[in-house]
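Given next are the chains, with one letter for each unit.
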Amino acid sequence: MRQALSLSFVQRLVGLVFTFGSVVIISRLLTPAEVGVYSVAAGFVALIHMLRDFGVGAFLVQEPVLDEPLVRTVFTLNLVIAWCFGGIVIAASGAVGTFYADPGVAQVLRVLGFVFFLLPFGTTTMALMTRELEYGKLTKVRIVESVLRSCTAVALAYAGFSYMSMAWSTLVGIVVMIIGCTVWGWQYRVNGLGFTHWKRVLHFGSNRAISDIASELGDQSANLVIGKMLGMTDTGLFSRGYGVVNMYRTNVLGAIESVAFPAFAREHRETATAPELFRKALVYTTGISWPFFSCGAILAYPVINILFGDQWNAAVPLMRWLCVAALVGTLIYQCNRFLVALGRVRTATRMEVQYQLARVGITIVAAFYGVEAVAASQVFVYVMATVLYYRQIRCYEALTVHKCTRALVPSVVVTLAACAVPAAIVLWPGLVVRHMVFSFVVAFVGGGAGWLLAVVFARHPLLDELKRVTAGVSAQYRRCVARP
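Figured I'd write up the structure that's included with this text. Everything quoted here is computed from the prediction, not taken from an experiment.

Here we take up the overall build of the protein chain. Across its full length, the protein chain carries 20 helices and zero strands. By the burial criterion, 55% of the 484 residues in the protein chain qualify as buried. Taking as baseline every contact in the protein chain between residues at least 6 positions apart, the subset at least 24 positions apart corresponds to 84%. Of the accessible surface of the protein chain, which amounts to about 20,900 Å², a share of 69% is contributed by carbon and sulfur atoms.

Within this structure, the stated rule accounts for 11 aromatic pairs. Centroid distance F114 to F117: 6.3 Å. Interplanar angle 45°. Geometry classified as tilted. With F114 and F117 both in helix α5 (residues 103-118) and three residues apart, the pair spans about one turn of that helix. For F114, a relative accessible area of 47% puts it in the partly exposed group. On the basis of an interplanar angle of 75° and a centroid distance of 5.5 Å, the ring pair of F292 and F293 is categorised as edge-to-face. For F292, a relative accessible area of 33% translates into the label partly exposed. Taken together, the ring pairs in this structure connect W83, F114 and F117 into an aromatic cluster. Sitting above the plane of the F99 ring, K228 keeps its charged end 4.2 Å from the centroid. When the ring centre of F308 is taken as reference, the NZ or CZ atom of R240 above it lies at 5.7 Å.

What follows concerns the nonpolar core. Among the nonpolar cores identified, the biggest contains 130 residues, and V105, F238, I332, F338, Y390 and I393 are the most heavily contacted of them. Among residues more than four places away in sequence, those in contact with Y390 are F278, L282, L331, I332, C335 and C404. Counting six residues, the second largest nonpolar core, distinct from the first, contains V414, A454, V455 and L463.

The residue E352 is located in helix α15 (residues 345-367) in this model. Separated by 136 residues in sequence, E352 and E216 place their C-alpha atoms 10.0 Å apart. At a separation of 2.3 Å, a polar atom in the side chain of E352 contacts the side chain of Y389.

Bringing the layout of surface pockets into the picture now. Reported here for the second largest pocket is a volume of approximately 150 Å³. Of all the secondary-structure elements, those providing two or more residues to the lining of the second largest pocket are α6 (120-131) and α8 (164-184). Considering each element in turn, the lining of the second largest pocket owes the most residues, five residues, to α6. Residue composition of the lining of the second largest pocket, grouped by class: seven nonpolar, five polar and one charged.

Nonpolar side chains collect at one region of the surface, where M229, I364, V365, F368 and Y369 lie side by side and expose about 560 Å² of accessible area between them. Following the sequence through the fold, M229 ends up in helix α9 (residues 198-229).

Their axes nearest at 8 Å, the elements helix α4 (residues 68-99) and α5 cross at an angle of 180°. As far as their axial angle goes, α5 and α4 are roughly antiparallel. Of the residues in α5, those in contact with A82, W83, F85, G86, G87, V89, I90, S93, G94, V96 and G97 of α4 are V105, A106, L109, R110, G113, F114, F116 and F117. Among the residues making up the contact of α4 with α5, the classes are represented as 12 nonpolar, six polar and one charged.

With that out of the way, let us pick up the side chain of T124. The topology assignment puts T124 in helix α6. Among the residues examined, T124 registers a relative accessible area of 2% and is labelled buried. Beyond its immediate sequence surroundings of up to four residues, T124 is in contact with L60, V71, F75, N78 and V190.

Another aspect to go through is the environment of Y389. Mapped onto the secondary structure, Y389 falls in helix α16 (residues 371-393). In sequence terms Y389 and L339 are 50 residues apart; their C-alpha atoms lie 9.6 Å from each other. Once you skip the residues sitting within four places of it in the chain, Y389 turns out to touch I332, C335, N336, L339, A348, M351, E352 and Y355.

Turning next to the packing of helix α12 (residues 300-308) against helix α13 (residues 316-329). At a minimum axis separation of 9 Å, α12 and α13 run at an interaxial angle of 125°. Taken together, α12 and α13 sit at an angle that is classed as oblique. The way α12 lies across α13 gives a crossing that is right-handed. Taken together, the residues of α13 that come into contact with α12 (itself represented by A300, Y301, V303 and I304) are V316, M319 and R320. In terms of residue class, the contact of α12 with α13 is made up of six nonpolar, no polar and one charged.

For the coordinates displayed, the defined rule picks out zero disulfides. C323 takes part in no disulfide bond, and the closest cysteine sulfur, belonging to C295, lies 9.7 Å away. C335 carries a free sulfur, and the closest cysteine sulfur to it, the one in C404, is 8.8 Å from it. C335 gets classed as buried once you look at its relative accessible area, which sits at 0%.

Taking burial as the measure, the nine residues of α12 include seven buried ones, the bulk of the element. Along α12, the residues that are buried comprise A300, P302, V303, I304, N305, L307 and F308. Remark: G309 follows α12 within two positions and exhibits a positive phi of approximately 100°.

Once that is clear, we can look at the side chain of R240. One can find R240 in helix α10 (residues 232-270). No salt bridge is formed by the buried R240; its nearest oppositely charged neighbour, E34, is found at 9.9 Å. At 2.6 Å, the side chain of R240 forms a polar contact with the side chain of S27. With residues near it in sequence (within four places) discarded, R240 still touches V23, S27, V35, I304, F308 and W312.

Quick notes on the rules
Residues numbered from 1 in each chain as written. Predicted model: local features only at pLDDT ≥ 70, side-chain atom pairs only at ≥ 80, totals over all residues. Heavy atoms only, no water. Helix = DSSP H or I, 4+ residues; strand = E, 2+ residues; numbered from the N terminus. Buried < 20%, exposed > 50% of the residue type's maximum accessible area, 1.4 Å probe, protein only. Contact = heavy atoms within 4.5 Å. Areas by Shrake-Rupley, 256 points an atom, 1.4 Å probe, with all protein chains shown as cover. Phe/Tyr/Trp six-rings, centres within 6.5 Å; stacked < 30°, edge-to-face > 60°. Lys NZ or Arg CZ within 6 Å of the ring centre and 35° of its normal. Core = buried A, V, L, I, M, F, W, Y, C linked by side-chain atoms within 4.5 Å. Polar contact = N/O pair within 3.5 Å; in protein donor to acceptor, adjacent residues only side chain to side chain. 1 Å grid on protein atoms, 1.4 Å probe; cavity = no way out; pocket = protein on both sides within 12 Å on 5 of 7 lines; lining within 4 Å. Points joined across faces, edges and corners; volume = space filled by probe spheres on them. Nonpolar A, V, L, I, M, F, W, Y, C, P; charged D, E, K, R; others polar. Patch = residues over 30% accessible without salt bridge, like charges linked within 9 Å, V, L, I, M, F, W, Y side chains within 5 Å. Salt bridge = Lys/Arg side-chain N within 4 Å of Asp/Glu carboxyl O. Axes fitted to C-alpha atoms, helices over the stretch in contact; angles between N-to-C directions. Parallel < 35°, antiparallel > 145°, perpendicular 65-115°, else oblique. Left-handed = near helix turned anticlockwise from the far one by under 90°. Disulfide = S-S within 2.5 Å. Lys, Arg positive; Asp, Glu negative; His and termini not counted.

What follows is the structure in C-alpha cells.
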C-alpha cells in the first residue's frame, strides 16, 4: 500500500511540476478572457465526460470478481456511450458557442469532442491496472502524458494558438495515454466486444453516473454560470483564483484518492476494516491539506502576483475564499468513494445529488452579487456537504463524530504552526509590497519549518511516515556510499 501511494505521489508530483509550470507560462501569454473561453468549454465537456464514463471505472475497481466477458461488456458499453457523446459534443458546439456569444467556445468544443472517440481505448486498461494497484505502470503512463501535454500547451500558446493551445494539448495527452497503456499495460488489454453482463453494469453505472454528473455539475457550475452571467474575463479570473487549489486537489489529493478507493474496496472485501482506514486517511490528508490551504489563503496576494503577473491581481480575493472552501472540503473529498467502495452506491449518489444541486442554485444566486460572492458561497456549500456526508458515515463505530474530532486535533495543531510565520510576514506593514519575492520565500520556508516542528512535537501520525521515508533515504545513501 505504501509503495502504491509513494508511486502515486511521484507521478502526481511530476505532473504538478509540469502542469503548474505550464499554467504559469500560459497565464503570462494569454489574457483572462482567453483563459475564460477555454474554461467554459472545458466545463461543459467535463459534464458530458461524466456521462461518458458511466461509472465503469469504479465498477471494475470495486467488483469482487472479474471475468473476461464482464470486462468486455464494460469496454463495449464505454465505447458505445463515448462515441455517442463525442458526436453530441461536436454537433452541439455551434449552439453552445451561440449561447455564450463567443465563437471560441465552439472551436474548443469541436477539438475536445474528438477526445471522446479515443478515451475508451485507454480508460478500461487504466481501471484494471488501478484495481490491481499496478502503480509502477500507471506512473509511467501518467508522467509521460502529463509532460507531453504540458509542453504542447506551452509551445502552442507561445506560437499564438491562444485558447486553442489548451484544447489541442488535451487531445495530445489522450493519444499519449493510449500509447502508454498499449506499451506498459498490454496484459490488461481487452480482447473483443460483448454485452453478456450489460444489465449488471448498467445497474451500477446508472447510479454512479448520476453521482458523478452531480459532482461535476457542482464543480463546473461556477465557470458555466460566471461565463454566462458575468463574462469571460471574470471566468478567467475565477479559474486562476481556483487554479492553485485545483492543482493541489488534482495532484496531491488525487494521488491519495487514486490509491484510497481501491484500498477501501480491498479492505472491505478482505478484512471489513475500511472505516478505520478511512479515518487514518482523513488524518493524513488534513495534516497536509489544512496547512496548505490555510497558508494559501494568507499568501494569496504574493502567490497570484509572482506566478501569474499583476494582470491577475483581481483573482486574489477569489483565491482566499476558495482556499477556505477547500480547507472545509478536505473533510469530504474521500467520503463518496468510501461509500461506493463499501457497496453503498445509492447512498453516495443521493448525498452527491443533494449537495451539488444546492451548490448550483447557491452559485446562481451569488452570481447576481459578483464573482467574489460566487467564491465566498463555496465555503457554505462545503459546510453543508460535510454535514450531509458525516450524518451517513457516523454509523460506523470508527467514524463517530467524537472519534473523528479527537483524531483531527494534531492536524489542527500543525495547521496553526504552519500559519504562524506566513501570517506574521503578511501582517508586517508594507513588507510584502516592497519585498514580495523575499517575503514569500521567508513565509514559505517559515511555514514549512513550523509544520515540521509541529508534526514532531504534536506527534502527528505523519511523523511515522516521515521517519520511514528518512530511514529509506538514509539506507539508500549508505548503499550508494558503500559501493566501490
